[in-house]
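Observations on the model geometry
Now for the letters of each chain:
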Amino acid sequence: MGTFYDGQTDSLQSQFHNSIEWSVQHNRIIGTCYDTPLFRQVVPDAIIDGKPQDAGRYEMHSTITNQITKLSWYCHLSEIHFQVISL
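Residues numbered from 1 in each chain as written. Predicted model: local features only at pLDDT ≥ 70, side-chain atom pairs only at ≥ 80, totals over all residues. Heavy atoms only, no water.

1. A word on the nonpolar core
Core analysis: the biggest nonpolar cluster contains 16 residues, and Phe16, Phe39, Val43, Tyr58, Trp73 and Phe82 have the highest contact counts within it. Put simply, the parts of the chain that give this core at least two residues each are α1 (7–19), α2 (37–42), β5 (55–61), β6 (68–76) and β7 (79–86). The residues contacting Phe82, other than those within four sequence positions of it, are Phe16, Ile20, Trp22, Ile29, Ile30, Gly31, Thr32, Cys33, Phe39, Leu71, Ser72 and Trp73. (Core = buried A, V, L, I, M, F, W, Y, C linked by side-chain atoms within 4.5 Å. Buried < 20%, exposed > 50% of the residue type's maximum accessible area, 1.4 Å probe, protein only. Helix = DSSP H or I, 4+ residues; strand = E, 2+ residues; numbered from the N terminus. Contact = heavy atoms within 4.5 Å.)

Here it is in structure tokens:
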């Protein structure tokens, strides 16, 4: 789910969130970033039993507003593509 409580993993999570480029396409919020070790480290379901996954879901938590943003993601040609499911 991506909620961390110490400075080091908070920094990794912030780095990852800042690496996502967001846009609006066909009335959907879409994000992309490169498939990096940082992505695989921060997103819990990106690696299961030591095997990289091609798709999954991820929750971004805001500690300031108690907001949870639910995303779906998939990997295509070394890029990770996100779509916002709910805010």
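2. Some remarks on the side chain of His17
Within the secondary structure, His17 sits in helix α1. On the basis of relative accessible area, His17 is assigned to the buried category, the value being 18%.

3. Some thoughts on the pattern of salt bridges
Per the stated rule, a full pass over the model turns up one salt bridge. Asp35 is the salt-bridge partner of Arg40, the closest N and O atoms lying 2.8 Å from each other. Exposure remark for Arg40: the relative accessible area of 14% places this residue in the buried category. (Salt bridge = Lys/Arg side-chain N within 4 Å of Asp/Glu carboxyl O.)

4. Thoughts on the pairing of β5
Where β5 meets β6, seven bridges bridge the pair, whose relative direction is antiparallel. Across the sheet, Glu59 pairs through a bridge with Lys70, a residue of β6. (Pairing = 2+ DSSP bridges.)

5. Remarks on the confidence of the model for the protein
Of the residues in the protein, 90% reach a pLDDT of 70 or more, and the chain-wide mean stands at 87. For the protein, α1 is the element with the lowest average pLDDT, namely 79, and β7 is the one with the highest, namely 96. Throughout residues 1–6 the model reports pLDDT below 50, and contacts reaching past four residues in sequence, or to other chains, amount to 15 contacts. (pLDDT = per-residue confidence, 0-100.)

6. Describing the pairing of strand β1 (residues 21–25)
Bridging between β1 and strand β2 (residues 28–34) involves five bridges; their strand directions are antiparallel. Pairing of Trp22 across the sheet is with Gly31, part of β2. As consecutive antiparallel partners, β1 and β2 are separated by two residues, and within that stretch His26 has a phi angle of approximately 50 degrees, a positive value.

7. Notes on the packing of aromatic side chains
Applying the stated criterion across every chain, the model contains six aromatic pairs. On the basis of an interplanar angle of 75 degrees and a centroid distance of 5.9 Å, the ring pair of Phe16 and Tyr58 is categorised as edge-to-face. Of the two residues, Phe16 sits in helix α1 while Tyr58 sits in strand β5, which places them 42 residues apart along the sequence. In textbook terms, an aromatic cluster arises when at least three aromatic residues are bridged by ring pairs, as seen for Phe16, Trp22, Phe39, Tyr58, Trp73 and Phe82. (Phe/Tyr/Trp six-rings, centres within 6.5 Å; stacked < 30°, edge-to-face > 60°.)

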